[in-house]
Amino acid sequence: MRLCRFDDNRFGLVRDGFVHDVTSVVRDRLRVPPYPLPQGDLLIAQLDELRPALEAQADGAAKLPVDAVRFLSPVANPSKIIGTPSNYPAHASEAQQDPQISAYQHAGGSIEQQGLFLKAVSALVGPSEGVRVRFPQRRTDHELELGVVIGRRAAEVAESNALDYVAGYAIALDMVIRGPEDRSFRKSPDTYAVLGPWLVTADEIPDPGALDFSLTVNGELRQAANTRDMIMGIARQVAWASSFYTLHPGDIIMSGTCQGVGRVLPGDCMEAAFERIGRMQVPVY
Ligand code: MN
């Protein structure tokens, strides 16, 4: 199942190039508990139980071509956006040789030495909202990554069954301002976390470690690799993250970028593609 959030907070299932509107199921059947709300995203938390109704509604629903809608982030309310650094060997090498990337005090170590990092959830947008470059005199780079969306509460889970805690996958852009400040600070301006164009549920991607992906900017190829090149696989990332903090439904792991990171400027258009997920255009302004 491919679930999207689009236009004015509508919800849809994507099938064969069309968005089938299932907003009524979310409006009528999502249970909203009394305040204080639990941490995490309510829709992702209830996705398994709502899935039959969503699928049934989509069968006869009004539909729009995917090119005719504005895609928001398929996850509305994650409690955390987690980043995995230096997870592709060729990117780790390019980062060490680039003084603007290696200026960061923790650059150059292994993933385990660096640890995971957090991006502010206020940075999260969908592809159609675009990326607004902050401080245009500084360098803002794209980092194309597989986005992993947690489906249920995970605390100190084992790597052997960590993928059972994954709701699905989406294309992620871990946008970053280069420079010496703490990584979390530079990766957290509004719009610097892009997720889209939809969530592909984990049953459709049994092996997240074998996906081709690529990014162009204004039609020029910048990044291309396969997730099998990852140093630390998805299951290990989920387990390791959950050993430090509890993961909640809707939490997002941006699982690291490959070689070819580079600058974007206002007016550019990024196009990202991921095998088994799809493609998305992200304007830069
Ligand atoms: Mn990254």
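All of the points below concern the structure found in this document. (Residues numbered from 1 in each chain as written. Predicted model: local features only at pLDDT ≥ 70, side-chain atom pairs only at ≥ 80, totals over all residues. Heavy atoms only, no water.)

### Here's the deal with helix H8 (residues 234-244)
With eight of its 11 residues buried, H8 lies for the most part within the structure. Of all the positions in H8, only Ile234, Ala235, Gln237, Val238, Ala239, Trp240, Ala241 and Ser242 are classed as buried. Those residues of H8 hidden inside the fold are in contact with strand E6 (81-83), helix H6 (111-114), strand E10 (144-150), strand E11 (166-174) and strand E16 (252-254). (Buried < 20%, exposed > 50% of the residue type's maximum accessible area, 1.4 Å probe, protein only. Helix = DSSP H or I, 4+ residues; strand = E, 2+ residues; numbered from the N terminus. Contact = heavy atoms within 4.5 Å.)

### Let's talk about the sheet that holds strand E12 (residues 176-177)
Strand order in the open sheet made by the three strands is E12-E9-E17, with antiparallel pairing throughout. Where the open sheet ends on each side, the last strands, each with one partner, are E12 and strand E17 (262-263). The pairing of strand E9 (residues 140-142) with E12 spans two bridges and is classified as antiparallel. The partner of Thr140 across the bridge, within E12, is Ile177. (Pairing = 2+ DSSP bridges.)

### Some thoughts on the sheet that holds strand E18 (residues 269-274)
Strand order in this open sheet of four strands is E15-E14-E18-E19, and the pairing throughout is antiparallel. Because the sheet does not close on itself, it has two edges, and the strands there are strand E15 (220-226) and strand E19 (278-283). The average angle at which neighbouring strand axes cross in this sheet is 15 degrees, direction not considered. The pairing of strand E14 (residues 212-217) with E15 spans six bridges and is classified as antiparallel. Residue Leu215 lies in a different strand from E15, and its bridge partner there is Gln223. (Axes fitted to C-alpha atoms, helices over the stretch in contact; angles between N-to-C directions.)

### Some details on the pairing of E19
As paired elements, E18 and E19 share six bridges and run antiparallel to each other. By the bridge assignment, Glu271 is partnered in E19 with Gln281. Where E18 folds back on E19, the antiparallel hairpin that results is connected by three residues, among which Arg276 adopts a positive phi of roughly 70 degrees.

### Details of the coordination of the manganese ion
The protein atoms that coordinate the manganese ion are Glu143 (OE), Glu145 (OE) and Asp174 (OD), at distances spanning 2.1 Å. For Asp174, a relative accessible area of 1% gives the class buried. (Donors = N, O, S within 2.8 Å, 3.2 Å for Na, K, Ca; no water.)

### Considering the pairing of E18
Across five bridges, E14 lies against E18 in antiparallel orientation. Bridge pairing in E18 places Phe213 opposite Phe274.

### A word on the state of the cysteines
A complete count under the given rule lists zero disulfides for this structure. Cys269 provides the cysteine sulfur closest to Cys258, a residue in no disulfide bond, and the two sulfurs are 18 Å apart. By relative accessible area, which is 28% here, Cys269 ends up partly exposed. (Disulfide = S-S within 2.5 Å.)

### Structural notes on helix H4 (residues 89-97)
Within the span of H4, buried status applies to His91, Ala92 and Ala95. Looking down the long axis of H4, one finds its buried residues gathered within 100 degrees of arc, a one-sided arrangement. Facing away from the buried surface of H4 by more than 90 degrees, the exposed residues are Gln96 and Gln97. (Arc of directions from axis to C-beta.)

### Let's talk about the pattern of salt bridges
Pairing is possible between side chains that carry opposite charge, provided their charged atoms lie close to one another. Taken as a whole and judged by the stated rule, the model has 19 salt bridges. Notably, a salt bridge pairs Arg15 with Asp59, separated by 2.8 Å at the nearest N-O pair. Placement of Arg15 in strand E2 (residues 10-15) and of Asp59 in helix H3 (residues 47-59) is noted, with a sequence separation of 44 residues between them. For Arg15, a relative accessible area of 24% gives the class partly exposed. Of the charged contacts, one joins Glu143 and Arg178 as a salt bridge, the two residues approaching to 3.1 Å between their closest N and O atoms. Placement of the pair is Glu143 in the loop between E9 and E10 and Arg178 in the loop between E12 and helix H7 (183-186), with a sequence separation of 35 residues. Each of Asp98, Lys119, Arg139, Asp141, Glu143, Asp174, Arg178 and Lys187 takes part in one network of salt bridges that share partners. (Salt bridge = Lys/Arg side-chain N within 4 Å of Asp/Glu carboxyl O.)

### Description of the packing of aromatic side chains
One pass over the full model with this rule turns up four aromatic pairs. Judged by centre distance (6.4 Å) and plane angle (85 degrees), the rings of Trp240 and Phe244 are edge-to-face. In this pair, Trp240 and Phe244 are both assigned in helix H8, four residues apart and thus about one turn of the helix distant. Through a chain of ring-to-ring contacts, the aromatic side chains of Tyr88, Phe213 and Phe274 assemble into a single cluster. Note that Lys63 overlies the ring of Phe18, its terminal NZ or CZ placed 4.6 Å from the centroid. Lying over the aromatic face of Tyr165, Arg152 brings its terminal NZ or CZ to 4.1 Å of the ring centre. (Phe/Tyr/Trp six-rings, centres within 6.5 Å; stacked < 30°, edge-to-face > 60°. Lys NZ or Arg CZ within 6 Å of the ring centre and 35° of its normal.)

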